[in-house]
Amino acid sequence: DIQMTQSPSSLSASVGDRVTFTCRSSHDINTHLNWYQQKPGKAPKLLIFAASTLESGVPSRFSGSGSGTDFSLTISSLQPDDFATYYCQQSHSTFVITFGGGTKVEMK
Amino acid sequence: QLQLQESGPGLVKPSETLSLNCTVSDGSVTSSSYYWGWIRQSPGKGLEWIGNIYYTGTTYYSPSLKSRVTISLDTSKSHFSLRMTSVTAADTAIYFCVRTFIRRSYFDSWGQGTLVTVSS
């Protein structure tokens, strides 16, 4: 299986901050990497697919980058609605799908 | 706007079988562009993919759950189902039904999730 490792597991930030967190794959997955946002008590929501393509309706303050084994998600100016947990998911192997353990963004 | 809705018992006894259904609001279960599947999340934990099914009936399962899981699809009723046998407390989780866009293998639509507790 392809293992996905996210870091940090949590971070504290303030509104307006630029925040970046990372996702590392155990194997080269090209750009087959998707990002989701999950708020408490809700289902995850797709933010970015193919490592850097913003899903329709997602604010442009979100951006993704990376290829191969190292990826990142950046929020350029953190907004109150962005405090949530973020998960990466590899889509390289469509027959065995794996997620990272998540990064929780908390208010400082 | 597609809606997915899970249904099923919220409490299952250890060693018994967990059964959940997911109703697809727009009847698109026969689309060739999507898989239909299940993801779970243990309390306070991360996301675990369980498996997918294609409209042809072809299935893909997580290797760690494959021996206990069956996903089926009823195209006439626009719903798909999850069956997990021999459950233990470790199977206590929120279960989400999902739609997967095949070409990019991302989950673009999720049900609200249903909590299943395994306890005697």
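Residues numbered from 1 in each chain as written. Chains lettered and ligands numbered in written order. Predicted model: local features only at pLDDT ≥ 70, side-chain atom pairs only at ≥ 80, totals over all residues. Heavy atoms only, no water.

Undergrad: What am I meant to see in the environment of Asn21(B) here?
TA: Residue and element names in this part refer to chain B. Among the structural elements, Asn21 can be located in strand β3 (residues 18-24). As a C-alpha pair, Asn21 and Trp38 span 17 residues in sequence and 10 Å in three-dimensional space. When near neighbours in sequence (up to four residues on either side) are disregarded, Asn21 contacts Gln5, Glu6, Ser7, Trp38, His79, Phe80 and Ser81. Within polar-contact distance, the side chain of Asn21 engages the side chain of Ser81 at 2.5 Å. (Helix = DSSP H or I, 4+ residues; strand = E, 2+ residues; numbered from the N terminus. Contact = heavy atoms within 4.5 Å. Polar contact = N/O pair within 3.5 Å; in protein donor to acceptor, adjacent residues only side chain to side chain.)

Undergrad: I keep staring at the state of the cysteines and nothing clicks. Help me out?
TA: In protein structure, a disulfide is the covalent linkage between the sulfur atoms of two cysteines. Residues and elements named next belong to chain B. For the structure shown, the criterion picks out two disulfides over all chains. With a sulfur-sulfur separation of 2.1 Å, Cys22 is cross-linked through a disulfide to Cys97. Here the S-S torsion is close to 60°, and the disulfide linking Cys22 with Cys97 is therefore right-handed. Residue Cys22 is located in strand β3, and its partner Cys97 is located in strand β9 (residues 93-101); the two are separated by 75 residues in the primary sequence. (Disulfide = S-S within 2.5 Å.)

Undergrad: I tried to follow the interface of chain A and chain B on my own but got confused; where do I start?
TA: It is common to give the size of an interface as the accessible area that goes away when the parts come together. Across the contact, 18 residues belong to chain A and 19 residues belong to chain B. Regarding the contact of chain A and chain B, the summed buried area is about 1700 Å², with carbon and sulfur atoms giving 66% of it. When the buried surface of chain A facing chain B is broken down by residue, Phe95(A), Ile97(A) and Phe99(A) rank first, second and third, together holding 32% of it. For the pair chain A and chain B, the interface holds zero salt bridges. The interface formed by chain A and chain B holds six residue pairs in polar contact (both at pLDDT 80 or more) in total. At the level of elements, β4 (33-38), β5 (45-49) and β9 (85-90) of chain A are the ones that each hand at least two residues to the side of chain A that touches chain B. Of the residues that constitute the side of chain A that touches chain B, the class distribution is eleven nonpolar, five polar and two charged. (Buried area = accessible area lost by both parts, 1.4 Å probe. Salt bridge = Lys/Arg side-chain N within 4 Å of Asp/Glu carboxyl O. Nonpolar A, V, L, I, M, F, W, Y, C, P; charged D, E, K, R; others polar.)

Undergrad: Could you clarify how one ought to interpret the packing of aromatic side chains in this entry?
TA: Given two aromatic rings, one states the distance between the centres and the angle between the planes to describe the pair. According to the stated counting rule, one finds 19 aromatic pairs over all chains in the structure shown. Judged by centre distance (6.0 Å) and plane angle (50°), the rings of Tyr34(B) and Phe101(B) are tilted. Separated by 67 residues along the polypeptide, Tyr34(B) in strand β4 (residues 34-41) and Phe101(B) in strand β9 bring together distant segments of the chain. Overall, Phe101(B) belongs to the buried group, its relative accessible area being 18%. Cluster of aromatic residues (ring-pair linked, three or more members): Phe49(A), Tyr34(B), Trp36(B), Trp38(B), Phe80(B), Phe101(B) and Tyr106(B). When the ring centre of Tyr34(B) is taken as origin, the NZ or CZ atom of Arg99(B), which lies over that ring, is 3.7 Å away. (Phe/Tyr/Trp six-rings, centres within 6.5 Å; stacked < 30°, edge-to-face > 60°. Buried < 20%, exposed > 50% of the residue type's maximum accessible area, 1.4 Å probe, protein only. Lys NZ or Arg CZ within 6 Å of the ring centre and 35° of its normal.)

Undergrad: Which parts of the structure should I look at to understand the layout of surface pockets?
TA: A probe as big as a water molecule, rolled over the atoms, marks out the empty space that is left. The calculated volume of the largest pocket comes to roughly 450 Å³. As for the largest pocket, its lining consists of 25 residues, of which Gln38(A), Thr85(A), Tyr87(A), Gln41(B) and Lys45(B) are closest to the centre. In terms of residue count, the dominant contributor to the lining of the largest pocket is strand β11 (residues 103-107) of chain A (four residues). Counted as a void, the second largest pocket has a volume near 350 Å³. Surrounding the second largest pocket, 14 residues form its lining, Lys45(A), Gln1(B), Asp108(B), Ser109(B) and Trp110(B) being those nearest its centre. Within the residue set of the lining of the second largest pocket, elements represented by two or more residues are β5 of chain A together with β10 (106-110) of chain B. Top element by residues in the lining of the second largest pocket is β10(B). It accounts for four residues. Residue composition of the lining of the second largest pocket, by class: seven nonpolar, three polar and four charged. (1 Å grid on protein atoms, 1.4 Å probe; cavity = no way out; pocket = protein on both sides within 12 Å on 5 of 7 lines; lining within 4 Å. Points joined across faces, edges and corners; volume = space filled by probe spheres on them.)

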